[in-house]
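Now for the letters of each chain:
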Amino acid sequence: MAFMEKPPAGKVLLDDTVPLTAAIEASQSLQSHTIVRRYSDFDLLNNSLQIAGLSLPLPPKKLIGNMDREFIAERQKGLQNYLNVITTNHILSNCELVKKFLDPNNYSANYTEIALQQVSMFFRSEPKWEVVEPLKDIGWRIRKKYFLMKIKNQPKERLVLSWADLGPDKYLSDKDFQCLIKLLPSCFHPYIYRVTFATANESSALLIRMFNEKGTLKDLIYKSKPKDPFLKKYCNPKKIQGLELQQIKTYGRQILEVLKFLHDKGFPYGHLHASNVMLDGDTCRLLDLENSLLGLPSLYRSYFSQFRKINTLESVDVHCFGHLLYEMTYGRPPDSVPVDSFPPAPSMAVVAVLESTLSCEACKNGMPTVSRLLQMPLFSDVLLTTSEKPQFKIPTKLKEALRIAKECIEKRLIEEQKQIHQHRRLTRAQSHHGSEEERKKRKILARKKSKRSALENSEEHSAKYNNSNNSGSGASSPLTSPSSPTPPSTSVTCHLPVCQQEEDICITSTSSTSTTTSSSLASCEHRGTCPALVSGCEWREPRGLAQLYPEFPKRNFEESQNL
């Protein structure tokens, strides 16, 4: 596809931050998509992930006896545990290798090749640039690629070209989108990393910045080399150590100042993390302002989408600042969010800021504003010395377009949070009702209900038998003429649960043609309970019903026989 060519109609813009879960099933039909993987595929994935330096629990290979049922069941558990470890690791779960393994239909394209095609098209119209080498996998985004560049008449100077595809939050019109991208080189701020060149088409954007040998703030924290792959740099650091208190205060104040500047300008950001902060001496400079224009999802989206109070891009920036501050303080990201308790920090003022952005109470009740964070003791006494005056002029028409796009991004976030909330409620309800304790409770309630129902039915049944005994005496039985026809025979079957023995009574009553004045019961089938007490039946010792119904003694049965 040419650089200025429109994207194909119906192209799906995926959110790569959506976490994937995987479950190994034994030949079951699932609602979600199903993939078939051999053990060799798992082995290949595991070898590819060795660059991360993690010890992943892949079950060992077995050559003999690998078709035994017990071995297959045991391996299934092992592979499930292996997938659980990968999908719960925030860095591994977002990498291209894992996405392609679990969702090959949506991640089958070669994005490096696509980026090279787009960049080569760009160089046809801009011949002064030249590619030195591709910087493979230095970032975490699957659809964002980097290349080391140089200017032909300045061969020693190195620059970085970044190419990115559109994301699911791209709500700007193509015209406004291209105008805003081309406006980025005119943005001057002491804490924003300068954009040398920027251009865009309807499907992607391309930006060029100066290459910094020192790397980002994350490279400083993890003591890594900027050109190394993302998994190698940050997945398993050799030494975990936070920054000094003065560095935390200075860098934090600088980042908050630039966030306040963007918020006042009405420019949405939402992509703050340590890899998007470039270090230039003792100064932090923000990167990737184009991400929100492209509609790319945030690195921490899977975290703040769990909390319905974090529903604006300003609150998203504050929450992401909490992640960044935690990483600067402890040298690693938090294990989970919200954070219940914080380890010892260089100052209690640091813990106060962390509690206001990452604690359970903060995530439940909402984030403070950037202005409120600037007033907290950790940053209020930091003096910033800079002579560069901020400058970023956005036309009124584009400001309105940014406002509408920001509202659409926040609306999608709110809808996603609502769906996650409903799903969690449903999951909790299913888990609660499926627990062993709840099953026992339901069984006890069912038994009580059955006993009450049986008692009511038995009382009804006893009243019918009283009427039957009275009619069996012949006093009130109507005379039947020999010539009068009798109604056809009928059969009635009743199943009555008995409360003590919980067994069924099956009573089959049949009426036959007769000229006698008394009715007779042709058959009485008895299943573990008392027989029907009407004339024409033999007495059998009652088993349990006589104790429940004393109004039917043996005496009444013998009197009815004499009559």
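Residues numbered from 1 in each chain as written. Predicted model: local features only at pLDDT ≥ 70, side-chain atom pairs only at ≥ 80, totals over all residues. Heavy atoms only, no water.

The name that an unreviewed UniProt entry assigns to the chain is PX domain containing serine/threonine kinase like, with the source organism given as Rhinopithecus roxellana. Listed in UniProt under the heading Subcellular location (unreviewed entry), the comment for the chain reads: "Cytoplasm". (UniProt positions renumbered as here; feature names shortened; annotations may be inferred.)

1. Comments concerning the overall build of the chain
For the chain, the helix and strand inventory stands at 20 helices and nine strands. A buried classification covers 43% of the 563 residues belonging to the chain. Within the chain, counting contacts between residues at least 6 apart in sequence, those at least 24 apart form 65% of the total. (Helix = DSSP H or I, 4+ residues; strand = E, 2+ residues; numbered from the N terminus. Buried < 20%, exposed > 50% of the residue type's maximum accessible area, 1.4 Å probe, protein only. Contact = heavy atoms within 4.5 Å.)

2. Details of the pattern of salt bridges
Within this structure, the stated rule accounts for 22 salt bridges. What you see here is one network of salt bridges that share partners, running through Lys 144, Arg 209, Asp 288 and Glu 290. (Salt bridge = Lys/Arg side-chain N within 4 Å of Asp/Glu carboxyl O.)

3. Focus on unusual backbone geometry
That bond from Val 337 to Pro 338 is cis: its omega, 5°, falls within 30 degrees of zero. Its place among the elements puts Pro 338 in the loop between α12 (313-330) and α13 (348-358). Positive phi, normally seen in glycine, also occurs at Asp 137, with a value near 55°. For Asp 137, the location among the structural elements is in the loop between β1 (129-135) and β2 (144-151). Phi is positive for Asp 288, which is not a glycine, with a value near 60°. In this fold, Asp 288 is placed in the loop between β7 (283-286) and α10 (290-294).

4. Focus: the sheet that holds β1
Strand order in this open sheet of five strands is β1-β2-β3-β5-β4, and the pairing throughout is antiparallel. The two strands at the open ends of the sheet, each matched to only one other strand, are β1 and β4 (197-200). The average undirected angle you get between the axes of adjacent strands in this sheet is 25°. Its contacts with the sheet put helix α6 (residues 174-183) on β4 and β5 (204-210), and the angle it makes with β4 is roughly 170°. (Pairing = 2+ DSSP bridges. Axes fitted to C-alpha atoms, helices over the stretch in contact; angles between N-to-C directions.)

5. Describing the packing of helix α9 (residues 245-265) against α12
Packed helices, taken two at a time, are described by the angle between their axes plus the distance between the axes. Put simply, α9 and α12 touch, their axes get as near as 11 Å, and they point 165° apart. Considering the angle they form, α9 stands roughly antiparallel to α12. You can see that α9 and α12 cross each other, and the crossing is right-handed. Across from Ile 248, Tyr 251, Gly 252, Ile 255, Leu 256, Leu 259 and His 263 in α9, the residues of α12 making contact are Glu 314, Asp 317, Phe 321, Leu 324, Leu 325, Met 328 and Thr 329. Residues belonging to the contact of α9 with α12 are distributed by class as follows: nine nonpolar, three polar and two charged. (Parallel < 35°, antiparallel > 145°, perpendicular 65-115°, else oblique. Left-handed = near helix turned anticlockwise from the far one by under 90°. Nonpolar A, V, L, I, M, F, W, Y, C, P; charged D, E, K, R; others polar.)

6. Regarding the packing of α12 against α13
Where α12 meets α13, the closest approach of the two axes is 8 Å, and the angle between their N-to-C directions is 140°. The two elements α12 and α13 meet at a crossing, and its hand is left-handed. Touching Val 318, His 319, Phe 321, Gly 322, His 323, Leu 325, Tyr 326, Thr 329 and Tyr 330 of α12 are Val 350, Val 353, Leu 354, Thr 357 and Leu 358, all from α13. Residues that form the contact of α12 with α13 fall into these classes: nine nonpolar, five polar and no charged.

7. Examining a positive patch on the surface
Together, Arg 439, Lys 440, Arg 442, Lys 443, Arg 447, Lys 448, Lys 449, Lys 451 and Arg 452 make up a region of like positive charge exposed at the surface. You can see Arg 447 is positioned in helix α18 (residues 436-472). (Patch = residues over 30% accessible without salt bridge, like charges linked within 9 Å, V, L, I, M, F, W, Y side chains within 5 Å. Areas by Shrake-Rupley, 256 points an atom, 1.4 Å probe, with all protein chains shown as cover. Lys, Arg positive; Asp, Glu negative; His and termini not counted. Charge placed at Lys NZ, Arg CZ, Asp CG, Glu CD.)

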